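Spelled out from the first residue to the last, the chains are:
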Amino acid sequence: MRRRILRSILTVLTITTVVLGVPLIYTAWLWVEDITRNDLQSRLERIAAEVIAQEQIDGYVHDGLDVRAIRALVPEGGRLTVVYPTPTDNAARTDIGAEKIDDPLVESLSMGTSASLRLEVPAGPMHARQEQAVAAVALAVLASLGAAFSVAVVTARRVADPLRDVAARAARLAMGDFRPDPRRHGIAELDRVSDVLDSATVEIAGRLQREHALVADVSHQLRSRLTAVRLRLDELSTHNDPEVVHEAEEAMAQVDRLTDAIDDLVRASRSEDAADRDPVPVMAELRGVVAEWTHPFHEAGRELSLIGDESLRAPITGSRLREAVTVLVDNALMHGGGTCTVSVRTVPTMSSRDPLVCVEVADEGEGIRDEMAPHIFDRGFSAGGSTGVGLALARALVEADGGRLELQRRRPALFAVFLGSKVNRSQNATLTEPR
């Protein structure tokens, strides 16, 4: 940013310098010439006064011009030509000074019938003075440009550095660093932004603290209620009817899995970013989800299968992945049809050498209507009478681990979860071809 600001300021300064400096240099050139010509005209006027003083009353110079008084008025290296009337010649001529001048600067003065004067001097000294004047003006312009450059550097630093500090502070805030920063930069607008960031830091930190407390309270209450439910189920497991015992044991297993899921989600919400974690086996995480939902699919007369490479691993939170895929499988059961397939494979990327791990959940139902597809992940949106929270929650869980959840195909529906991966392949590992 500093470079762009500095480039903009220097561009304006350069244009201003050219627009003002070139006419100023040209003016200095003409000014020196004007001074030289004015000096020659002044000398001619004094010479004319001397010639008039030597004329007789009848307007003639009878005994010739007295050049001694006139010679002192001729510049060194110059040449003066005087044409004047005498009693015998109306155009007598007298030359005073150098015989020949190369590249002369000429000034003349007509005195009517009395005389005419022509003064020539070498133009070289005048050109030398013009070059000196131009050099002086150019030096002044360059000095002003240098001073302006220094001011531009200071200004760019004064503007860019605070902007960079504010941007870095906003980035730290986005990463969860809520420490206040008392630094101010003396720029009213940026200081106002810093004040707003301070207020936002306090507000966000307070909200996160309240949310963490709420999550802890809710998880505690849920575990307490689940513990009570499990105790009741444990009592039912001693019933004489084997079917009642079986259902009680299945329900207790569900309660245990739900308790573990709550603990994992609470623990994941307090842990670091998934990119800093060790990769976990994706297939192993999903096998429990598929096993849990196989029975509901069988009751609906449908099949649920899991296919993919057992060696694929990704730096994710297992509980988040399981909950996200659970939402997708539940949607496939409620709104889809036919066989539901959960597949795990890799997809190449342009920006990374390592491929991404892709978890796909597809069914053979009618799919998603075109008007629904753009809003399928909007919280609260549902066309099937549900709460409209599931898919939004699934996307949030996946994005919390740096992944991405997308609707890859509308009819029949296919959802894809893209995860960063560290792939370990065995020689016998096989992958389905990309769709």
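These numbers come from a predicted model, not from an experiment.

Caption draft 1: Representation of the packing of helix H6 (residues 282-299) against helix H7 (residues 318-335). Taken N-terminus to C-terminus, the directions of H6 and H7 make an angle of 30°; their axes are 10 Å apart at the nearest point. By the angle between their axes, H6 is roughly parallel relative to H7. As for the relative orientation of H6 and H7, their crossing is right-handed in sense. Between H6 and H7, the contacting residues are Val 282, Glu 285, Leu 286, Val 289, Trp 293, Pro 296 and Phe 297 on the first element and Gly 318, Leu 321, Arg 322, Val 325, Thr 326, Val 329, Asp 330, Ala 332 and Leu 333 on the second. Per-class residue counts for the contact of H6 with H7 are eleven nonpolar, two polar and three charged.

Caption draft 2: Layout of the sheet that holds strand S3 (residues 104-110). If you walk across this open sheet you meet the four strands as S2-S1-S4-S3, and the pairing is antiparallel. The sheet is open, and its two borders are formed by strand S2 (92-97) and S3, each paired with just one other strand. In this sheet, adjacent strand axes meet at a mean angle of 15° when their direction is disregarded. Strand direction decides the pairing type here: strand S1 (residues 79-84) and S2, joined by six bridges, are antiparallel. Note that in S2 the partner of Val 82 across the bridge is Thr 94.

Caption draft 3: Examining the packing of aromatic side chains more closely. Within this structure, the stated rule accounts for one aromatic pair. Ring centres 6.1 Å apart and planes at 85° place the aromatic pair Phe 377 and Phe 415 in the edge-to-face group. Of this pair, Phe 377 sits in the loop between strand S9 (356-362) and helix H8 (390-400) while Phe 415 sits in strand S11 (residues 414-420), and the two are 38 residues apart along the sequence. Among the residues examined, Phe 377 registers a relative accessible area of 12% and is labelled buried. Over the aromatic face of Phe 377 sits the side chain of Arg 395, whose NZ or CZ is 3.9 Å from the ring centroid.

Analysis parameters
- Residues numbered from 1 in each chain as written.
- Predicted model: local features only at pLDDT ≥ 70, side-chain atom pairs only at ≥ 80, totals over all residues.
- Heavy atoms only, no water.
- Axes fitted to C-alpha atoms, helices over the stretch in contact; angles between N-to-C directions.
- Helix = DSSP H or I, 4+ residues; strand = E, 2+ residues; numbered from the N terminus.
- Parallel < 35°, antiparallel > 145°, perpendicular 65-115°, else oblique.
- Left-handed = near helix turned anticlockwise from the far one by under 90°.
- Contact = heavy atoms within 4.5 Å.
- Nonpolar A, V, L, I, M, F, W, Y, C, P; charged D, E, K, R; others polar.
- Pairing = 2+ DSSP bridges.
- Phe/Tyr/Trp six-rings, centres within 6.5 Å; stacked < 30°, edge-to-face > 60°.
- Buried < 20%, exposed > 50% of the residue type's maximum accessible area, 1.4 Å probe, protein only.
- Lys NZ or Arg CZ within 6 Å of the ring centre and 35° of its normal.

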